[in-house]
Every structure is written in structure tokens, then in C-alpha cells.
Amino acid sequence: MSAWQDSARCAEVDPELFFPELGDHQDALDAKRVCASCPVRFECLTQALQRREQYGVWGGMSVVERRAVTRLPHRCRQCSGPVLEAGHRYCGPDCQRTARAVRRRERQHVEWAA
Ligand code: SF4
Ligand SMILES: [Zn+2]
């Protein structure tokens, strides 16, 4: 097992959750919720896409969702999670807001220090 798998959040829950019956959206949602707070989502999704994984939720995405992906992800500049849209710096509005707040704080800090 490689090092990133040691930090896999799914190791703490029932693995069955990540292989829901076809059409079991609730289980898929529960698995995706675990993935959402997983620190190795980028590595997990990248490798699942590379090996064209045919079963289960990996990196927060179901197999149907992964099939629609045409490129490998790059890292969100805020949380290091996966970003699939080309040209996007952040994985979503939360990270974008956080990054903006951090920049604002840094600027204030520089102004006070000057
Ligand atoms: S992203 Fe999800 S499936 Fe992948 S290691 Fe983390 S919890 Fe497990
Ligand atoms: Zn992010």
C-alpha cells in the first residue's frame, strides 16, 4: 500500500458503503460525504481515473460520474483536493471564499506591518 492510502478516510468506515447496489443513491451519498472530508481525495480520484475503475465510489465520484470525466484533475490551490475544470483554481465556492479571505488578511497584515 502506498503512503496516501494510510490517510484514507474510508478506512475508518464500513467498506460496503463505497460499493452501493446499483441505484442506491443514499449509500452513494453517504460514501461521498466521507470522501468530501478525506485528505487524499486528489490521489484517490486520480488513480481511479487512471486505472478506469469500474466499481464503487472513489475520490467522491461514482463510476457513472467518473465515466464523464475526460481529463485528470489538478489540485485545488486552497484544499489540495481535485479540480476537474480546466482553468479553475479552486474546487468550489467554499475554497474560493477561503482563499479570498486569506489574501485579505495577508494584505491587512502587510499594511499594519508597514
Ligand atoms: S476519497 Fe473517498 S474513496 Fe478515496 S480514499 Fe478518501 S474516503 Fe476513500
Ligand atoms: Zn478546494
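Here is what the cut-offs are and how they apply
Residues numbered from 1 in each chain as written. Chains lettered and ligands numbered in written order. Predicted model: local features only at pLDDT ≥ 70, side-chain atom pairs only at ≥ 80, totals over all residues. Helix = DSSP H or I, 4+ residues; strand = E, 2+ residues; numbered from the N terminus. Buried ≥ 20, exposed ≤ 12 C-beta atoms within 10 Å, placed from the backbone. Contact = placed C-beta atoms within 7 Å. Near = placed C-beta within 6 Å. Nonpolar A, V, L, I, M, F, W, Y, C, P; charged D, E, K, R; others polar. Expected span 1.5 Å × (residues − 1). Arc of directions from axis to C-beta.

Novice: Explain the overall build of the chain here, please?
Specialist: If you tally the helices and strands in the chain, you get four helices and two strands. Shown N-terminal to C-terminal, the secondary structure of the chain runs as helices and strands in the order α-α-α-β-β-α. Along the first, second and third principal axes, the C-alpha set of the chain runs to 60 × 30 × 30 Å. Relative to its 114 residues, the chain shows a buried fraction of 20%. Excluding contacts between residues fewer than 6 apart, the proportion of contacts in the chain whose partners are at least 24 apart in sequence is 39%.

Novice: Would you mind going over the environment of Phe18 with me for this structure?
Specialist: The topology assignment puts Phe18 in the segment before α1 (25-36). On the basis of neighbour count, Phe18 is assigned to the buried category, with 20 C-beta atoms found within 10 Å. Residues Phe18 and His109, 91 residues apart in the sequence, show an inter-C-alpha distance of 44 Å. Filtering out sequence-adjacent residues up to four positions away, Phe18 remains in contact with Cys10, Ala31, Gly56 and Val57.

Novice: Would you explain helix α2 (residues 41-50) in this entry?
Specialist: Every α-helix carries 3.6 residues per turn, so stepping three or four residues along brings you back to the same face. Counting buried positions along α2 yields seven of ten residues, so the element is predominantly enclosed. Of all the positions in α2, only Arg41, Phe42, Glu43, Cys44, Leu45, Ala48 and Leu49 are classed as buried. Against α1, α3 (63-67), β1 (74-75) and β2 (82-83) lie the buried residues of α2. Positioned one or two residues after α2, Arg52 has a phi angle of 45°, which is positive.

Novice: Whenever I open this one, the environment of Asp14 confuses me. Can you help?
Specialist: Position of Asp14 among the secondary structure elements: in the segment before α1. Of the residues examined, Asp14 has 10 C-beta atoms within 10 Å and is grouped as exposed. As a C-alpha pair, Asp14 and Ala31 span 17 residues in sequence and 9.6 Å in three-dimensional space.

Novice: How should I be thinking about the site of ligand 1 in this particular structure?
Specialist: If you check the shell around ligand 1, you find 13 residues, and the closest are Ala8, Cys10, Cys35, Cys38 and Cys44. Among the secondary structure elements, those contributing two or more residues to the shell around ligand 1 are α1 and α2. For the shell around ligand 1, the residue count by class is nine nonpolar, two polar and two charged.

Novice: I tried to follow α1 on my own but got confused; where do I start?
Specialist: In a regular helix each residue adds 1.5 Å, so twelve residues correspond to 16 Å; α1 covers 16 Å between its end C-alpha atoms and thus fits that length. Among all positions of α1, only Ala28, Ala31 and Cys35 are buried. Seen along its axis, α1 keeps its buried residues to an arc of 65°; they face one direction. Among the exposed residues of α1, those pointing more than 90 degrees away from its buried face are Gln26, Leu29 and Ala36.

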